[in-house]
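Residues per chain are reported as follows:
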Amino acid sequence: MFRKQPCLSRNRLNRNDPVFERLSVLRHALGESRLMFTDRAALERHQGRLAARHLRWVAAHSADVARRLREAKLTPGEWRHLPPTDKAGMMEHFAQLNTVGLTLAQVLAVARRAEDTRDFSPTIRTRSGEVTVGLSSGTSGAQGAFLVSRAERLAWAGVTLRHLLPNWPGGLLTRQRVAFVLRAEGQLYRSVASSRLHFRFLDLLRPLPELAAELSSYNPTLLIGPPSVLRALLDAGALASPVQVVSVAEVLEDADKLALSTGFGPVVQVYQATEGLLGLPCAHGQLHLNEAHVHFDFEDVGGGYVRPVLTDLRRRAQPMIRHRLNDLLRLGDACPCGLAARRIESVAGRQDEALSLPSVSGGRVTVWPDFVRGALNRVAGLREYRAEQTAERTVQLQLEPDAPAIRATATEAVQAALQRLGVTETELSCGPLEAAVPGAKRQRVRQRWTPDC
Ligand SMILES: [Zn+2]
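Presented here is an overview of the structure given in this document. None of these values were measured; they are calculated from a predicted model.

### Describing the sheet that holds strand β19 (residues 384-391)
- With mixed pairing, the 4 strands of this open sheet are ordered in space as β21-β20-β19-β22. The open sheet has two edge strands with one neighbour each: β21 (427-432) and β22 (445-447). Going from strand to strand, the sheet's axes swing by 20° on average, the running direction of each strand aside.
- The pairing of β19 with β22 spans 3 bridges and is parallel. The residue of β22 that forms the bridge with glutamate 388 is arginine 446.
- In the packing of helix α13 (residues 369-376) onto the sheet, contacts are made with β19, β20 (394-400) and β22, and the angle to β19 comes to roughly 135°.

This is the structure in structure tokens:
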């Protein structure tokens, strides 16, 4: 879908051949170097060219995108004026949106069977080839279902490889051991494996001491995983000195970043969601939007936060056109690395995780997750916590350790932070940290109260 395959690969190699996969990944990785623009105008011209071609194709192949354009009385070239859709809209029109002829029922059946058998990269054969199926771990509302074609998977693997492999391109020629501690999407990275690039997948449902011992004996050059799991491995005594630690799948908090960089090595993060490959690290360790492949518009939600409305300029199996994300971001200033793609200062968390508390002025105040985390991360001696809004004006703090002194400082820190936001009369209760579901994504701030209106 990206560019025509070289004749050699098309004629002599079977497309299911691992050699074909590796060549395809390598081609995308090498091509990515040309897309790391330092001139903003050049980046935007590149986006414009991709968008013109992609929107024409999508409008002709996705009945749902055609319908949205028609209802808004827009041509494909006027796509930026399209009213945004979201996960609910995507799920409602799932069968008409995707271009590989799958119904939601077919996809859900395959994905749920895969969850039961712990095969986290289930695929379905379609008229357009093999697609990988995923479900988003949505915290509220309906679960999202996502499709990625094989060509898209190989392209993502190539782009990711280019941005993560230490010492590019020399790193391609040195032996790399990549430890991957993540339950899902292993297949994305398996595509890249070769004699020089070796992968070890550590199943995060295994006991921690066992995982820590395996990680220590493997001693990876690149260590990839959710920060909460990497931190737990570090605390369980894992010894490793990778060239780079890559945080994926969860928000990377400052405290974890500091601990991981002290214990293992320099930490960067990849911002990848089921909605796409959204952000990649630069040579200075900063996170940049993946603007060579995804176009971002932003809605200002106040307090320095923006909500992205993304248009993926590559994905065809399940087009993402003017799709509003639930995530909130803070964008940063220009980065010393010189890349034109905008820098993400922080991923503040999902909007549906934000707390909603009574305001001194009579209305309600939205309290973003990173605000609560900021208050609790400063509590001395607090190793782990969870903050949940359980009722209209009640926030429950689960603390580890749950000692009287820690209760007092945690309560004080959260109350002070809430007062600064103009929140009034919040009831804070404290208790011990409840055990998390093994393998579940860490979520320190949760919204469990639903307003009636
Ligand atoms: Zn940078």
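The rest of the description comes next.
### Notes on the coordination of the zinc ion
- Only Cys282 (SG), His288 (NE2), Cys335 (SG) and Cys337 (SG) from the protein coordinate the zinc ion, and they sit 2.1 to 2.3 Å from it.
- Classification of the site at the zinc ion as tetrahedral follows from its 4 donor atoms and the range of 103 to 120° in their angles at the metal.
- For the zinc ion, the donor residues sit on a single chain with the sequence spacing C-x5-H-x46-C-x1-C. Taken together, the residues histidine 288 in strand β11 (residues 287-289) and cysteine 335 in the loop between β15 (327-331) and β16 (343-350) connect sequence positions 47 residues apart.
- Judged by relative accessible area, cysteine 335 falls into the buried class, the value being 9%.

### Let's talk about the packing of aromatic side chains
- Summed over the entire model, instances satisfying the criterion amount to 1 aromatic pair.
- Judged by centre distance (6.2 Å) and plane angle (5°), the rings of phenylalanine 296 and phenylalanine 298 are stacked.
- Among the residues examined, phenylalanine 296 registers a relative accessible area of 3% and is labelled buried.
- The ring of tryptophan 57 carries arginine 316 above its face, with NZ or CZ at 4.2 Å from the centroid.
- Of note, arginine 330 hangs over the ring of tyrosine 305, and the distance from its end group to the ring centre comes to 4.4 Å.

Procedures and definitions
Residues numbered from 1 in each chain as written. Predicted model: local features only at pLDDT ≥ 70, side-chain atom pairs only at ≥ 80, totals over all residues. Heavy atoms only, no water. Pairing = 2+ DSSP bridges. Helix = DSSP H or I, 4+ residues; strand = E, 2+ residues; numbered from the N terminus. Axes fitted to C-alpha atoms, helices over the stretch in contact; angles between N-to-C directions. Contact = heavy atoms within 4.5 Å. Donors = N, O, S within 2.8 Å, 3.2 Å for Na, K, Ca; no water. Tetrahedral: all angles 85-135°; square planar, octahedral: opposite > 155°, others 65-115°. Buried < 20%, exposed > 50% of the residue type's maximum accessible area, 1.4 Å probe, protein only. Phe/Tyr/Trp six-rings, centres within 6.5 Å; stacked < 30°, edge-to-face > 60°. Lys NZ or Arg CZ within 6 Å of the ring centre and 35° of its normal.

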